[in-house]
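One-letter residues, chain by chain:
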Amino acid sequence: NAGVTQTPKFQVLKTGQSMTLQCAQDMNHEYMSWYRQDPGMGLRLIHYSVGAGITDQGEVPNGYNVSRSTTEDFPLRLLSAAPSQTSVYFCASSLKGEGGYNEQFFGPGTRLTVL
Amino acid sequence: AQSVAQPEDQVNVAEGNPLTVKCTYSVSGNPYLFWYVQYPNRGLQFLLKYITGDNLVKGSYGFEAEFNKSQTSFHLKKPSALVSDSALYFCAVRPPNTGFQKLVFGTGTRLLVSP
């Protein structure tokens, strides 16, 4: 298993540009999430999905869109990049559980810089 | 509001000595608690979790954590530190009755183990 994969690893954008961060998992996990990691702030949840066709907002959703057409893929779209979106982005997946306490598996991250 | 505090930005310990990384939480009800580790340029990896039961939880790589309800703490410990344990450690809590797995992360503690 490749686990959770993310592309690209690095990206530089200009303000106002759009792009899509790709995330895929091959573990047949129902749950997938996108986080951003900023210095001194830990990880914050952007969007999440509990299954194909179902997505919802997390703590910091503004400026981002997601969709989930398949179990495997969960792309994150930046509509019009802003310097405040400079961050490291992590995708994560986990099994669905009744208690919601299954551990999450994280991808290697995408480091995004917006100029 | 639900929150997690990691009061130390960095913990320094000599190889072979015991280590403790502190975490306290503030949630209503009985939380689910997690520890994750992040090595340089990698995604987070699950270490251990507390759901219910024995207050001492054992996890990967010889780590353990003690849940203390009265002190609302979940400190990470290891009897004998290794240089390879040097990494960034995150405590996270899933508040009860929040659905999905909306983890709230602490800001992280950098562990530096010196030879």
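In what follows, the accompanying structure is described.

Moving on: the interface of chain B and chain A. In this assembly, 21 residues from chain B lie in contact with 27 residues from chain A. Counting the surface lost from both chain B and chain A, the interface buries some 1900 Å², and carbon and sulfur atoms represent 58% of this. Counting every contact that joins chain B to chain A gives one salt bridge. As a salt-bridge pair, B:K49 and A:E103 come within 3.3 Å of each other at their nearest N and O atoms. There are three residue pairs in polar contact (both at pLDDT 80 or more) connecting chain B and chain A. Sort the elements by how many residues they give to the side of chain B that touches chain A and strand β5 (residues 32-38) of chain B lands first, with four residues.

Turning to the nonpolar core, a few remarks are in order. Within the largest apolar cluster, 28 residues are counted, with the highest numbers of intra-cluster contacts made by B:W35, B:L47, B:L48, B:F74, B:L76 and B:Y89. Within the residue set of this core, elements represented by two or more residues are β2 (10-14), β3 (19-21), β5, β6 (44-50), β8 (64-68), β9 (73-78), β10 (87-94) and β12 (109-114) of chain B. The element best represented in this core is β10(B), accounting for four residues. By size, the runner-up hydrophobic cluster in this structure holds 19 residues, among which are A:M19, A:V60, A:V66 and A:V114.

Bringing the pattern of salt bridges into the picture now. Opposite charge on two side chains permits pairing when their charged atoms draw close. In this structure the tally under the stated criterion is six salt bridges over all chains. A salt bridge links B:K58 to B:E64; the shortest N-O distance between them is 2.9 Å. The exposed category is assigned to B:K58, whose relative accessible area is 64%. The exposure class of B:E64 is buried, given its relative accessible area of 19%. The partner of B:D85 in a salt bridge is B:K78, with the nearest N and O atoms 2.8 Å apart. The class for B:K78 is buried, based on a relative accessible area of 7%. One network of salt bridges, in which partners are shared, links A:R36, A:D38 and A:R44.

All names here are of chain B. Tallied over the full model, the rule gives 12 aromatic pairs over all chains. Summarising the aromatic geometry, the rings of Y50 and F67 are spaced 4.2 Å apart at their centres and angled 20° between planes, so their arrangement reads as stacked. Of this pair, Y50 sits in strand β6 while F67 sits in strand β8, placing them 17 residues apart in sequence. For Y50, a relative accessible area of 8% puts it in the buried group.

With that settled, the discussion passes to the sheet that holds strand β1 (residues 4-7) of chain A. Residue and element names in this part refer to chain A. Spatial ordering of the open sheet is given by β1-β3-β8-β7, a layout of four strands whose pairing is antiparallel. Of all the strands in the sheet, just β1 and β7 (64-66) have a single pairing partner and so form its edges. Direction aside, neighbouring strands of the sheet carry axes that sit 20° apart on average. Where β7 meets strand β8 (residues 76-78), three bridges bridge the pair, whose relative direction is antiparallel. Note that in β8 the partner of Y64 across the bridge is L78.

Another point: the environment of B:V93. Residue and element names in this part refer to chain B. Looking at the element boundaries, V93 is found in strand β10. Overall, the relative accessible area of 0% leaves V93 in the buried class. When the C-alpha positions of V93 and V4 are compared, they lie 7.0 Å apart, and in sequence the two are 89 residues distant. Once residues lying within four places of it in the same chain are set aside, the contact partners of V93 are S3, V4, V27, P31, Y32, L33, K102, L103 and V104.

Calculation notes
- Residues numbered from 1 in each chain as written.
- Chains lettered and ligands numbered in written order.
- Predicted model: local features only at pLDDT ≥ 70, side-chain atom pairs only at ≥ 80, totals over all residues.
- Heavy atoms only, no water.
- Contact = heavy atoms within 4.5 Å.
- Buried area = accessible area lost by both parts, 1.4 Å probe.
- Salt bridge = Lys/Arg side-chain N within 4 Å of Asp/Glu carboxyl O.
- Polar contact = N/O pair within 3.5 Å; in protein donor to acceptor, adjacent residues only side chain to side chain.
- Helix = DSSP H or I, 4+ residues; strand = E, 2+ residues; numbered from the N terminus.
- Core = buried A, V, L, I, M, F, W, Y, C linked by side-chain atoms within 4.5 Å.
- Buried < 20%, exposed > 50% of the residue type's maximum accessible area, 1.4 Å probe, protein only.
- Phe/Tyr/Trp six-rings, centres within 6.5 Å; stacked < 30°, edge-to-face > 60°.
- Pairing = 2+ DSSP bridges.
- Axes fitted to C-alpha atoms, helices over the stretch in contact; angles between N-to-C directions.

Nothing here speaks to function; it is all geometry.
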